[in-house]
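Remarks on the overall topology
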Amino acid sequence: MKKKKERRISGDRIRTGGTVAALAAAVAVFAVMIQLEKSVLTQYEKGTIYVAAAQIPRGQMITEENYQQYFVEKQLDKSCIPETALCQPDQVNGLIAVYSIDPGVLLTRGMFEEYSEITGGMKEPVVAGFKAEDIYQVAGGILRAGDRVHIYSVMEEETTLVWKEIFVQQVFDASGAAIPNGNNTAAAQRINVYLDREDVAEFYRELAGGSLRVVKALD
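Before going into details, it helps to say that this report is about the structure given with it. Just so it is clear, the model here is predicted, and its values are computed rather than measured.

The rules behind the values
- Residues numbered from 1 in each chain as written.
- Predicted model: local features only at pLDDT ≥ 70, side-chain atom pairs only at ≥ 80, totals over all residues.
- Heavy atoms only, no water.
- Core = buried A, V, L, I, M, F, W, Y, C linked by side-chain atoms within 4.5 Å.
- Buried < 20%, exposed > 50% of the residue type's maximum accessible area, 1.4 Å probe, protein only.
- Helix = DSSP H or I, 4+ residues; strand = E, 2+ residues; numbered from the N terminus.
- Contact = heavy atoms within 4.5 Å.
- Phe/Tyr/Trp six-rings, centres within 6.5 Å; stacked < 30°, edge-to-face > 60°.

1. Observations regarding the nonpolar core
Among the nonpolar cores identified, the biggest contains 19 residues, and Ile151, Ile191 and Val193 are the most heavily contacted of them. At the level of secondary structure, the elements contributing two or more residues to this core comprise strand S6 (125-131), strand S7 (148-155), strand S8 (158-172), strand S9 (190-196) and strand S10 (212-216). Top contributing element to this core by residue count: S8, with four residues. Not counting residues up to four positions away in its chain, the partners in contact with Ile151 are Thr160, Leu161, Val162, Trp163, Ile166, Phe203, Leu212, Arg213 and Val214. One finds Tyr67, Val92, Ile101 and Leu107 within the second-largest nonpolar core, a separate group that totals 15 residues.

2. A word on the packing of aromatic side chains
In this structure the tally under the stated criterion is eight aromatic pairs. Measuring from centroid to centroid gives 5.5 Å for Phe130 and Phe203, while their planes differ by 70°, and the two rings are edge-to-face. With Phe130 in strand S6 and Phe203 in helix H4 (residues 197-208), this residue pair connects regions lying 73 residues apart in the sequence. Each member of the pair, Phe130 as well as Phe203, carries the same accessibility label: buried.

As structure tokens, this is what we get:
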């Protein structure tokens, strides 16, 4: 009788030990699953990036006033977001599109240049506008915002390069209507360019004399 009781106690201990072991194994498996879940969630952690909300024309300057017209936030897996992505409002003010950008494109810094890069060598940058009486004076009217031009002075038989790689800020047709970059037919006759303020007087003086010619710099 005593031996049967000892066997029963021993069996109870074995069953209790098995239960404890199974519980410990279950806890261990649960902990592993939690870690795996955290790892998976980390891999698919979301981040914010700007995409083009509308067509961004080449040469378009992005400002605090218009960036919501061209930029919209999108949530993506962080693993899909490049390091050069634009994702905050303070990153976009003063950027100018290097080329035309289609709607829905993920926006990165390489698609833009900063206003300071364009005017960095100027003491006091200004926008100077002029009208060409003959479009042959302005590369046949093909100029568009974002182009860079060389401006020559033609005096008698001597031609001199006066300003190099001047940035075209905006162009207009003969009536004064702005020409968007997607328009490849309208002839640009009124041109706005960035100049240093100290060069403006000479620029208009030579322009009045009909001695200036504008040549488009090829990309």
